[in-house]
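A structural walkthrough
Each chain, letter by letter, is given below.
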Amino acid sequence: MRVFRFYLGCLILIFASSHTWAAGNTVFTPEVSVGTLHDDNIRLDEEADEAWETVTSLRGKVTHKTETGLMIGDLRWENFSYQGGEGLDNRNDYKLKLKGRTNRERSVYQLDLTGIQDTTAKDIAIEDDDDIGGDVGFVRDDIKRNRFYIMPSWGYSLSEISAINLLYKYSDLQYDDSKGTGLVDGFNHNVTGKYSVKTQENNTVEPSIGINHYESEGGKNYDFVIAKLSNERVYDQYFSSYASVGYYYIDAKTDNISDTTNSGLYEIGGLVKSDNISLNFKAERVLAPGDFGNVIAKDQYSIGLLGEINPIWDYQVGARYYRNRPTIKEISNNNRRYLSFKASLLWQFTESFDLDFGYRYREERDQKEADNTQANSNALFITVRYMNDLIM
């Protein structure tokens, strides 16, 4: 709670100099959902462990806008309860996100703060892509952890077609008790500078460079630099694309090993849509702190299809392939592969209530094991949700 109070105090400082706070409008968005899932291998382990998972979620989001500023507070509480699933304890997860932005004549100042309290059980599905602690490898233990993110940024408009942006991000990961698992506490400092320019009305080019220092328990230290050049293009109202190429250099040290490495990065994505259907796709290799205090390269390929059957029925189909690669094998040789597929129907039976139900498949392999360790699971799920925007 001390950290959350600190976050709130920092956010208020952003608006201390704003004289238009009272002149803005405020929207409160409550959200309540209850869902249950039956999985024939909920821990995604070699020995299948069948279980029921029930999730009750309460969320409140407040958005306040003025002519020169924006303030957002977003708090989510989730209760997880299990029937079956050895080693999975009933628990409460919390996530607090705060954002403050103020606009000047040519400058934009912004502060983003995030605090997350959850457990490593969440990573079995690899649905959380936060840049630290977002991959715990093959750990199946249910370990409580805290993650904090602080990101101030500044943007400046050089002209009608060009701008610069400078941001700093601090990420912190702390486990309550991870003895015997290999998971370690860690933190990361990142400073990134960007320059964007519109080469055409519908095309933006952005070179950037980021400097990182990642440190974890056990004496592992990574200093790495990432340089990227990206291009975003909007062809028309139905098609847009994004592409980037990059290069990284890593200088890593442990108590016994010191080594360097370098390689390339990339990202390709796009969105195709019509009046009642949209298709998005992405392929990328990114660099991020990962399992056991190491920096890994993540290869990810995803595709998603969202369509409207009629005004109250929608469908959604998505697939994702994930692979992490060690950047320096002498320090970490984990090579994890993961595949997921999800299909669901959404019934919007009132303006504020909807029902989501469907099927999920997951598969995981460890490529470094001689027997090519593999596990898979099948699950059916259903969730009912209430959400509404209340103007205050």
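Residues numbered from 1 in each chain as written. Predicted model: local features only at pLDDT ≥ 70, side-chain atom pairs only at ≥ 80, totals over all residues. Heavy atoms only, no water.

Counting its secondary structure elements, the protein contains 1 helix and 19 strands. Counting contacts in the protein only where the partners sit at least 6 residues apart, residues at least 24 apart contribute 54% of the total. For the protein, the accessible area works out to roughly 20400 Å², and carbon and sulfur atoms hold 55% of it. (Helix = DSSP H or I, 4+ residues; strand = E, 2+ residues; numbered from the N terminus. Contact = heavy atoms within 4.5 Å. Areas by Shrake-Rupley, 256 points an atom, 1.4 Å probe, with all protein chains shown as cover.)

Here strand β14 (residues 295–310) runs beside strand β15 (residues 313–326); their pairing, made up of 14 bridges, is antiparallel. Counted as the bridge partner of Asn 310 is Trp 313 from β15. Between β14 and β15, which follow one another and run antiparallel, lie 2 residues. Sheet topology places β15 next to strand β16 (residues 336–347); 11 bridges connect them, and they run antiparallel. Across the sheet, Asp 314 pairs through a bridge with Leu 346, a residue of β16. (Pairing = 2+ DSSP bridges.)

So, on to the packing of aromatic side chains. Throughout the structure, instances matching the rule amount to 10 aromatic pairs. Ring plane angle 85 degrees and centroid distance 6.3 Å describe the contact between Trp 313 and Phe 357, whose orientation is recorded as edge-to-face. On the criterion of sequence distance, the pair formed by Trp 313 in strand β15 and Phe 357 in strand β17 (residues 353–366) is long-range, its members being 44 residues apart. For Trp 313, a relative accessible area of 25% puts it in the partly exposed group. (Phe/Tyr/Trp six-rings, centres within 6.5 Å; stacked < 30°, edge-to-face > 60°. Buried < 20%, exposed > 50% of the residue type's maximum accessible area, 1.4 Å probe, protein only.)

Counting residues in hydrophobic clusters, the biggest one holds 12 residues: Tyr 214, Tyr 222, Phe 224, Ile 226, Tyr 248, Ile 250, Ala 252, Leu 265, Leu 287, Val 295, Ala 297 and Ile 328. Every element with two or more residues in this core is listed here: β10 (220–236), β11 (239–253) and β14. Grouped together as the second largest cluster of nonpolar side chains are 7 residues, Ile 42, Val 55, Phe 80 and Leu 88 included. (Core = buried A, V, L, I, M, F, W, Y, C linked by side-chain atoms within 4.5 Å.)

On to unusual backbone geometry. Look at Leu 44: it is not a glycine, yet its phi comes out positive at around 50 degrees. Mapping Leu 44 onto the fold places it in the loop between β1 (25–39) and β2 (51–65).

Within the secondary structure layout, Phe 349 lies in the loop between β16 and β17. Relative accessible area serves as the criterion here: at 35%, Phe 349 is assigned to the partly exposed category. Not counting residues within four places of it along the chain, the set of residues in contact with Phe 349 comprises Asp 354, Leu 355 and Val 384.

Once that is clear, we can look at the pattern of salt bridges. Across all of its chains, the model carries 14 salt bridges by this definition. Here Asp 93 and Arg 91 are joined by a salt bridge, their closest N and O atoms 3.1 Å apart. Classification of Arg 91 by relative accessible area gives buried; the value is 9%. Here Arg 147 ties to Asp 118 by a salt bridge, and the two come within 2.9 Å at their closest N and O atoms. Remark: Asp 118 occurs in strand β5 (residues 107–119) and Arg 147 occurs in strand β6 (residues 144–157); sequence separation between them is 29 residues. (Salt bridge = Lys/Arg side-chain N within 4 Å of Asp/Glu carboxyl O.)

Turning to the environment of Lys 95, a few remarks are in order. As for its placement among the helices and strands, Lys 95 is situated in strand β4 (residues 91–103). Taking C-alpha positions, Lys 95 is 4.5 Å from Ile 116, a pair spaced 21 residues apart along the chain.

It is worth spelling out the environment of Tyr 222 at this point. Take Tyr 222: it is sitting in strand β10. Accessibility expressed as a relative area gives 1% for Tyr 222, which makes it buried. Separated by 71 residues in the primary sequence, Tyr 222 and Gly 293 place their C-alpha atoms 9.5 Å from one another. Of note is the side chain of Tyr 222, whose polar atom sits 3.4 Å from the side chain of Asn 294. (Polar contact = N/O pair within 3.5 Å; in protein donor to acceptor, adjacent residues only side chain to side chain.)

Okay, the layout of surface pockets next. What the second largest pocket holds in volume is close to 290 Å³. As for the second largest pocket, its lining consists of 16 residues, of which Lys 97, Leu 98, Asp 112, Leu 113 and Thr 114 are closest to the centre. Those elements that place two or more of their residues in the lining of the second largest pocket are β2, β3 (69–84), β4, β5 and β6. No other element matches the 4 residues that β4 contributes to the lining of the second largest pocket. (1 Å grid on protein atoms, 1.4 Å probe; cavity = no way out; pocket = protein on both sides within 12 Å on 5 of 7 lines; lining within 4 Å. Points joined across faces, edges and corners; volume = space filled by probe spheres on them.)

Attention shifts here to the side chain of Ser 340. Assignment of secondary structure puts Ser 340 in strand β16. A relative accessible area of 10% means that Ser 340 is categorised as buried.

A grouping of Tyr 235, Tyr 238, Phe 239, Ile 268, Val 272, Leu 279, Phe 281 and Ile 303 is seen on the molecular surface, where their side chains present a nonpolar patch of about 660 Å² in accessible area. Of all the secondary-structure elements, those providing two or more residues to the nonpolar patch are β12 (258–273) and β13 (277–289). Relative to the helices and strands, Ile 303 resides in strand β14. (Patch = residues over 30% accessible without salt bridge, like charges linked within 9 Å, V, L, I, M, F, W, Y side chains within 5 Å.)

Attention now moves to the side chain of Arg 91. In this fold, Arg 91 is placed in strand β4. A distance of 3.0 Å separates a polar atom in the side chain of Arg 91 from a polar atom in the side chain of Tyr 82. Among all residues touching Arg 91, those that are not within four sequence positions of it are Glu 78, Asn 79, Phe 80, Tyr 82, Thr 119, Ala 121, Lys 122 and Asp 142.

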